[in-house]
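Observations on the three-dimensional arrangement
Here are the chains, one letter per residue:
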Amino acid sequence: MKQSKGDDALGVNLLTFLEAPLMATGSVKRLDREQPQWSWSLNLAGFGATIGAAVPVGYCIGVVNSPAVHIRAWCNATLEARYDLQLSESALELLWSMVVSIFLVGGAVGSLSGAAIANRFGRRGSFYICGILLLLGSICFGICRWLSSVELLLLGRLLVGLAGGLITACLPMYHSELAALSQRSKLSPLCPIGLSAGVVIAQMCSLQSVLGNETNWHIALAFYGVFVVICYAPFNWYPESPKWLYIVKGRKQQAAQQLQLLRGYAADSEALQAELNDMEQEVKVDSKPSTFLQVLRNPQLRLPLIIVCAYLGGQQLSGINAIFYYSVSIFRKAGFTAQVAEWANLGAGSLNLATSLLGPMLMERFNRRPLMAFSTLFCSIFLFLFAMFLQFIESFSWFAMGCVTCIFLYIFVFQFGLGPLPFFIGAELFEVAPRPAAMSLGSVVYWMCNLCIGMTFPTLQNAWGALVFLPFSINCLLLFLLTIRYLPETRGRDPSDVAPLVADGFKSKRITH
């Protein structure tokens with residue numbers, strides 16, 4: 001299909017850009033079928049897996065910040081008592097860097113194993129393995145102080161990191177494959193919502209006045225285990241992905257039964273048969289799971305793989321973690337007391353969660369491309385303004401409040417697209433065979449960029465000052481350009497309809513509506 005000049009123009013009608021009817025493309029099918037129901041099985045898998053897996057991972061991301069001073073002191077005292085080790089300040093700093101970074105290393109390793117686990121044990125099986133890792137990590141945190149073992153603390157961080165890598169690689173795929181096409185927009189954003197919710201819960205639990213004090217920090221670290229136990233208790237009732245059963249394993253009868261359970265279809269339903277026919281067509285194309293090398297070498301998968309990796313890595317390089325790292329000191333410069341600044345930081349996290357809760361509604365109501373373009377463009381603008389206000393914060397008294405305003409506006413627009421969309425866009429760009437490998441590669445990039453920011457940001461901050469946020473702004477601008485030029489619209493489309501749109505790599509003609 002030839003691109004018209006009007007299609008390339010940026011001044012297109014906004015309403016058309018946001019809500020262009022998908023029926024006009026001729027690529028959307030099954031609109032006249034029986035509508036799938038939101039069954040108890042689908043709700044259990046959606047909300048249970050989110051609360052039992054994504055929330056604990058988000059919790060582990062945010063829980064160590066507030067009680068850090070107490071954990072460091074305990075590590076120092078424990079090593080001196082058990083091994084007669086006298087740690088210098090630099091050695092203690094290195095040990096603390098290990099406590100923080102081993103979680104991120106575990107995330108990268110867990111992501112690499114995500115494809116193999118998802119293909120061999122199923123999407124439900126990978127969720128089960130995540131639960132085991134999370135529970136073992138919680139136990140390590142709970143007993144490390146009682147047993148005076150720094151090693152258990154490190155082991156616990158590694159285990160939850162491995163679980164985190166599996167979650168970011170497999171959970172969005174699990175949700176996407178359970179949902180019908182009309183339900184996907186509401187179910188797919190649940191993983192990033194769970195991560196955001198976990199961070200906020202961790203911020204509350206780790207307050208000095210709650211559990212983040214000298215005597216209870218280990219309980220704060222282990223508290224997420226409550227969510228794991230509650231949500232994994234009914235594991236036998238969690239459904240398996242019908243697509244994995246049918247396409248990967250060839251268990252067609254089980255796939256049909258799972259579809260009936262998930263959708264509320266009757267055994268003789270035309271809608272049920274239509275979904276099975278669609279999966280049969282995908283089997284004829286390619287049912288063998290792709291390896292990492294096959295995905296990397298396939299030129300037809302190159303552009304969607306770049307999009308997935310750029311979005312997941314770019315999300316971490318957009319400065320969201322650095323903003324939260326820096327927010328307390330900014331609030332202090334704005335004139336807040338230490339306690340008020342701590343609560344303001346919690347408020348910023350709560351705004352992040354509250355905005356993320358709009359994700360399902362936004363993803364169902366508006367197209368993916370404009371949401372991502374809007375989010376990345378305004379993130380770039382607010383980060384640039386934040387850097388300028390911070391650089392010259394002493395020049396004018398109101399610049400401090402300008403910094404605070406930019407922080408909250410940045411967090412607000414972040415959750416419109418850049419927050420939720422990178423986690424599940426891979427499930428909408430790739431068909432079943434290459435999907436696990438592609439999403440695992442994207443997840444590896446996500447965790448490696450997270451590690452990169454964690455290890456380099458303090459050094460760059462000391463060297464560049466406020467200007468350290470300018471590269472984040474440029475990164476968001478590059479993501480904006482990638483979005484408007486190469487991202488096809490995926491809302492309401494089956495991956496089998498989207499895959500041909502990006503098969504020609506950077507020569508692909510994007511479909512904008």
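The preceding data block contains the structure.
Residues numbered from 1 in each chain as written. Predicted model: local features only at pLDDT ≥ 70, side-chain atom pairs only at ≥ 80, totals over all residues. Heavy atoms only, no water.

1. Let's talk about the overall build of the chain
From N to C terminus, the chain includes 24 helices and zero strands. In terms of C-alpha radius of gyration, the chain reaches 23 Å, essentially the compact-globule figure of 24 Å for 513 residues. By principal-axis analysis of the C-alpha atoms, the chain measures approximately 70 × 50 × 40 Å. By residue count, 58% of the 513 residues in the chain fall in the buried class. Contacts in the chain between residues far apart in sequence, at least 24 positions, make up 82% of those at least 6 positions apart. Total accessible area computed for the chain in this model is approximately 21,200 Å², and 65% of it derives from carbon and sulfur atoms. Averaging the coordinates of the 35 positive side-chain charges in the chain and doing the same for the 29 negative ones gives two points 5 Å apart. (Helix = DSSP H or I, 4+ residues; strand = E, 2+ residues; numbered from the N terminus. Rg over C-alpha atoms; globule rule 2.2 N^0.38 Å. Buried < 20%, exposed > 50% of the residue type's maximum accessible area, 1.4 Å probe, protein only. Contact = heavy atoms within 4.5 Å. Areas by Shrake-Rupley, 256 points an atom, 1.4 Å probe, with all protein chains shown as cover. Lys, Arg positive; Asp, Glu negative; His and termini not counted. Charge placed at Lys NZ, Arg CZ, Asp CG, Glu CD.)

2. A word on helix α22 (residues 435–464)
Taking the largest bend as the criterion, α22 deviates by roughly 45°, centred on T456, and proline P458 comes between one and four positions later. At the C-terminal side of α22, G465 shows a positive phi close to 70°. (Bend = angle between axes of the 7 residues up to and from the residue.)

3. Digging into the environment of F392
Position of F392 among the secondary structure elements: in the loop between α19 (368–391) and α20 (399–414). Expressed as a C-alpha distance, the spacing of F392 and A466, which sit 74 residues apart in the sequence, is 8.8 Å.

4. A closer look at the nonpolar core
Grouped together as the largest cluster of nonpolar side chains are 137 residues, with contacts concentrated most on L153, Y311, F386, Y410 and F469. Beyond its immediate sequence surroundings of up to four residues, Y311 is in contact with M372, L421, P422, I425, L479, L482, T483 and L487. One finds Y246, I247, M279 and V432 within the second-largest nonpolar core, a separate group that totals 14 residues. (Core = buried A, V, L, I, M, F, W, Y, C linked by side-chain atoms within 4.5 Å.)

5. Some remarks on helix α17 (residues 338–356)
When the terminal C-alpha atoms of α17 are compared, their 27 Å separation across 19 residues agrees well with the 27 Å that a helix rising 1.5 Å per residue should span. Taken as a whole, α17 has its buried residues at A341, A344, N345, L346, A348, G349, N352, L353, T355 and S356. (Expected span 1.5 Å × (residues − 1).)

6. Here's the deal with the packing of α17 against α20
The N-to-C vectors of α17 and α20 enclose an angle of 25°; their axes lie 8 Å apart at closest approach. Judged on the interaxial angle alone, α20 and α17 are roughly parallel. The crossing of α17 and α20 is right-handed. In this structure, α17 contributes A344, G347, A348, L351, N352 and T355 to the contact, and α20 contributes F408, I411, F412 and F414. Grouping the constituent residues of the contact of α17 with α20 by class yields seven nonpolar, three polar and no charged. (Axes fitted to C-alpha atoms, helices over the stretch in contact; angles between N-to-C directions. Parallel < 35°, antiparallel > 145°, perpendicular 65-115°, else oblique. Left-handed = near helix turned anticlockwise from the far one by under 90°. Nonpolar A, V, L, I, M, F, W, Y, C, P; charged D, E, K, R; others polar.)

7. As for the packing of aromatic side chains
The full count for this structure, using the stated rule, is 29 aromatic pairs. Each ring, one from Y446 and one from W447, has its centre 5.3 Å from the other, and the planes form 85°; the classification is edge-to-face. Residues Y446 and W447 agree in their burial class; the two are buried. (Phe/Tyr/Trp six-rings, centres within 6.5 Å; stacked < 30°, edge-to-face > 60°.)

8. Focus: the environment of E270
Residue position: E270 is located in helix α13 (residues 270–285). For the pair E270 and E34, spaced 236 residues apart in the sequence, the C-alpha separation amounts to 7.6 Å.

9. Considering the packing of helix α3 (residues 40–62) against helix α5 (residues 89–144)
One can describe the packing of α3 onto α5 by two numbers: an axis separation of 14 Å at closest approach and a directional angle of 175°. Accordingly, the angle class assigned to the pair α3 and α5 is roughly antiparallel. Along its contact with α3, which presents A49, G52, A53, P56, V57, C60 and I61, the element α5 presents F103, F127 and L134. Class assignment for the residues of the contact of α3 with α5 results in nine nonpolar, one polar and no charged.

10. A look at the pattern of salt bridges
Should the charged atoms of two oppositely charged side chains come close, the side chains can pair. One pass over the full model with this rule turns up ten salt bridges. With a closest N to O distance of 3.3 Å, E428 and R184 form a salt bridge. Highlighted residues: E428 in helix α21 (residues 421–429) and R184 in helix α7 (residues 184–187), separated in sequence by 244 residues. R184 carries the same exposure label as E428, and that label is buried. In this structure, E280 engages K252 in a salt bridge whose closest nitrogen and oxygen atoms are separated by 3.3 Å. Of this pair, E280 sits in helix α13 while K252 sits in helix α12 (residues 252–263); the two residues are 28 residues apart in sequence, bridging distant segments of the chain. Under the relative-accessibility criterion, K252 is labelled partly exposed at 42%. (Salt bridge = Lys/Arg side-chain N within 4 Å of Asp/Glu carboxyl O.)

11. Some words on the side chain of H70
Within the fold, H70 resides in helix α4 (residues 68–83). For H70, a relative accessible area of 19% corresponds to the buried category. Those residues in contact with H70, other than ones at most four positions away along the chain, are Q208, G212, N213, E214 and W217.

12. Observations concerning a nonpolar patch on the surface
Together, Y128, I132, L135, L136, I139 and V229 make up an exposed nonpolar region whose accessible area comes to about 510 Å². Per-element tally for the nonpolar patch: the top contributor is α5, with five residues. As for its placement among the helices and strands, I139 is situated in helix α5. (Patch = residues over 30% accessible without salt bridge, like charges linked within 9 Å, V, L, I, M, F, W, Y side chains within 5 Å.)

13. Some remarks on the side chain of T490
Along the chain, the position of T490 falls in the loop between α23 (470–486) and α24 (495–498). Among the residues examined, T490 registers a relative accessible area of 0% and is labelled buried. Among residues more than four places away in sequence, those in contact with T490 are R184, R368, I425, E428, L429 and V498.

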